[in-house]
Amino acid sequence: MEPLLALFAEWWWIGPAAAGAGTVGWVGVRRSRQRALPAGTTTTTDRAARAWASRPLSKGAARRLELDAAQLDLQMARNAVTRGRADVKVADAEVVRAQAERAASRVSNDVVTAARARLVDAQRDLRAASAEVRARRAGVKAAKAMLPAIRSGSAPLPVVRVLAEHDAILTRWMAYETDTALAIDYPVMTDPRSPLLAEFLRAHERAQWLRPTTPQTRLEPADFLAYRDAVRRAGHAFDRAEQSARRGGEQPGVEGTDAWSRVASDLAETAQRALAHSMESMGRAAARTWNERRAKRPQKRVPDADGPDSRRGAGAAQPDAGSGEGTPPRGGPFWPPPARDRPRPPAS
């Protein structure tokens, strides 16, 4: 028994060494086989990963997808605030260093001014990041409020809703591509040289590339967030292009008639301002004339206290009020004029 124990105490390392050598050899053989595989050949691990990615989303994950994406977006906004605070501290330290070097006459005032400008930019970025955090918190609250409606079926799933928004944008765009009347009325919406339309086409291309194949496609919160933001950017870009086209606004990137379009737009705008000014002046003149006539109308019945009749004696004869032949006041003629001053009707 003692010889066996002595032999084991001396050769105990043989087993672990052999196991380690076998493991290393197996890993090396596997890597060699993978390098020797033809291009496009998949391994068991790749097939397992693809099978997991191709699995449809569960109902719970599909319902909570927007909430998970909103929470991820909030976390990213908080990370941006943390980076912004660090940038502000670094910029503040650079300002202090620049001021010290200027006191030692090593640098000029321009260096201190540039450091302060960087500090102002960092502070502005930090305020923007803080506002983004507040907006993302509101997004998380909205996603939580929509979760019961999604679970009850009264609201669509987040993926289905974003897909519907994407389809609506495509429908609006294809209307300009397929309707001849719209293409004639708004040629800019079919001209890829237009800067606004080119911006929409780039945003649409990215949204189309991020679009899931089906509503049941497995999406991570980051993937859903990227697709939702791409659809929103495409919608905003299309709205800007459509509003500019319907307003007849100028398109600076279109060659040929660009200069003449600007000139025609300026002339039309000037004519509209002149017409509006003329109409306003005519309206003020008409209102002033009407007010003057209205103010003079009571003077027809009440004689002027300073008129010739007031300087006559009390026993002076007064003209008959019904004859319409009274003396006009000093303020001007009566309106309407007396009967004797009116034109006679044409003879029958």
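Being a predicted model, the structure only gives us computed values, none of them experimental.

Engineer: Could you give me a rundown of the overall build of the chain, with the residues and numbers involved?
Structural biologist: Scanning the chain from N- to C-terminus turns up 12 helices and zero strands. Helices and strands in the chain line up, N terminus first, as α-α-α-α-α-α-α-α-α-α-α-α. Counting every position in the chain, which comprises 348 residues, the buried fraction comes to 21%. For the chain, the accessible surface area stands at approximately 24,700 Å², while carbon and sulfur atoms represent 58% of it.

Engineer: Which residues make up the packing of helix α5 (residues 65–103) against helix α10 (residues 221–247), and what are the values?
Structural biologist: Running from amino to carboxyl end, α5 crosses α10 at an angle of 85°, the nearest separation of the two axes being 8 Å. When the interaxial angle is binned, α5 and α10 end up roughly perpendicular. Where α5 approaches α10, its residues Leu-65, Glu-66, Asp-68, Ala-69, Leu-72, Asp-73 and Met-76 are matched on the opposing element by Pro-221, Ala-222, Phe-224, Leu-225 and Arg-228.

Engineer: I'd like a description of the side chain of Arg-228, backed by residues and values.
Structural biologist: Position of Arg-228 among the secondary structure elements: in helix α10. Apart from residues no more than four positions distant in its own chain, Arg-228 is found in contact with Asp-73 and Val-162.

Engineer: Lay out the packing of aromatic side chains in plain terms, naming residues and giving numbers.
Structural biologist: Inspection of the entire model under this criterion finds four aromatic pairs. Ring plane angle 75° and centroid distance 5.5 Å describe the contact between Trp-173 and Phe-200, whose orientation is recorded as edge-to-face. You can see Trp-173 sitting in helix α7 (residues 158–178) and its partner Phe-200 sitting in helix α9 (residues 195–210), a full 27 residues away along the chain. Three or more aromatic residues joined by ring pairs form one cluster here, namely Trp-173, Tyr-176, Tyr-186, Phe-200 and Phe-238.

Engineer: Mind laying out the pattern of salt bridges, listing which residues take part and the relevant values?
Structural biologist: For side chains bearing opposite charge, pairing can occur when the charged atoms are close. Within this structure, the stated rule accounts for 16 salt bridges. Residues Asp-68 and Arg-64 are paired through a salt bridge, measuring 3.3 Å at the closest nitrogen-oxygen approach. Residue class for Asp-68 comes out partly exposed when judged on its relative accessible area of 24%. Judged by relative accessible area, which is 31%, Arg-64 ranks as partly exposed.

Engineer: So what's going on with α9? Which residues, and what values?
Structural biologist: Residues lying three or four places apart along an α-helix face the same way, a consequence of the helix completing one turn every 3.6 residues. For α9, which comprises 16 residues, the first-to-last C-alpha distance of 23 Å matches the rise-based estimate of 22 Å (1.5 Å per residue) to within 8%. Inspection of α9 places Leu-197, Ala-198, Phe-200, Ala-203, His-204, Ala-207 and Leu-210 among the buried residues, and these make up the whole buried set. The elements touched by buried residues of α9 are α7 and α10.

Engineer: Mind laying out the environment of Ala-241, listing which residues take part and the relevant values?
Structural biologist: Here Ala-241 shows up in helix α10. When the C-alpha atoms of Ala-241 and Val-188 are compared, they prove to be 8.5 Å apart, with 53 residues separating the residues in sequence. For Ala-241, the residues in contact, after removing those within four places along its chain, are Met-189, Leu-196 and Leu-197.

Engineer: How would you explain unusual backbone geometry if you had to name every residue and give the values?
Structural biologist: Despite not being glycine, Ser-105 has its phi angle at roughly 60°, a positive value. Position of Ser-105 among the secondary structure elements: in the loop between α5 and α6 (109–152). By relative accessible area, Ser-105 is classed as exposed at 66%.

Engineer: An account of α6 is needed here, citing residue identities and associated values.
Structural biologist: Taking 1.5 Å of rise per residue, 44 residues should cover 64 Å, and α6 covers 66 Å from first to last C-alpha, within 8% of that figure. Along α6, the helix axis deviates most sharply at Met-146, where the bend reaches about 30°; the proline Pro-148 sits within four residues downstream. Of all the positions in α6, only Val-112, Ala-115, Leu-119, Ala-122, Leu-126, Ala-129, Val-133, Val-140, Ala-143, Leu-147 and Ile-150 are classed as buried. Buried residues belonging to α6 abut α4 (59–63), α5 and α7. After α6 finishes, the residue Gly-153 shows a positive phi value of roughly 90°.

Rules behind the numbers
- Residues numbered from 1 in each chain as written.
- Predicted model: local features only at pLDDT ≥ 70, side-chain atom pairs only at ≥ 80, totals over all residues.
- Heavy atoms only, no water.
- Helix = DSSP H or I, 4+ residues; strand = E, 2+ residues; numbered from the N terminus.
- Buried < 20%, exposed > 50% of the residue type's maximum accessible area, 1.4 Å probe, protein only.
- Areas by Shrake-Rupley, 256 points an atom, 1.4 Å probe, with all protein chains shown as cover.
- Axes fitted to C-alpha atoms, helices over the stretch in contact; angles between N-to-C directions.
- Parallel < 35°, antiparallel > 145°, perpendicular 65-115°, else oblique.
- Contact = heavy atoms within 4.5 Å.
- Phe/Tyr/Trp six-rings, centres within 6.5 Å; stacked < 30°, edge-to-face > 60°.
- Salt bridge = Lys/Arg side-chain N within 4 Å of Asp/Glu carboxyl O.
- Expected span 1.5 Å × (residues − 1).
- Bend = angle between axes of the 7 residues up to and from the residue.

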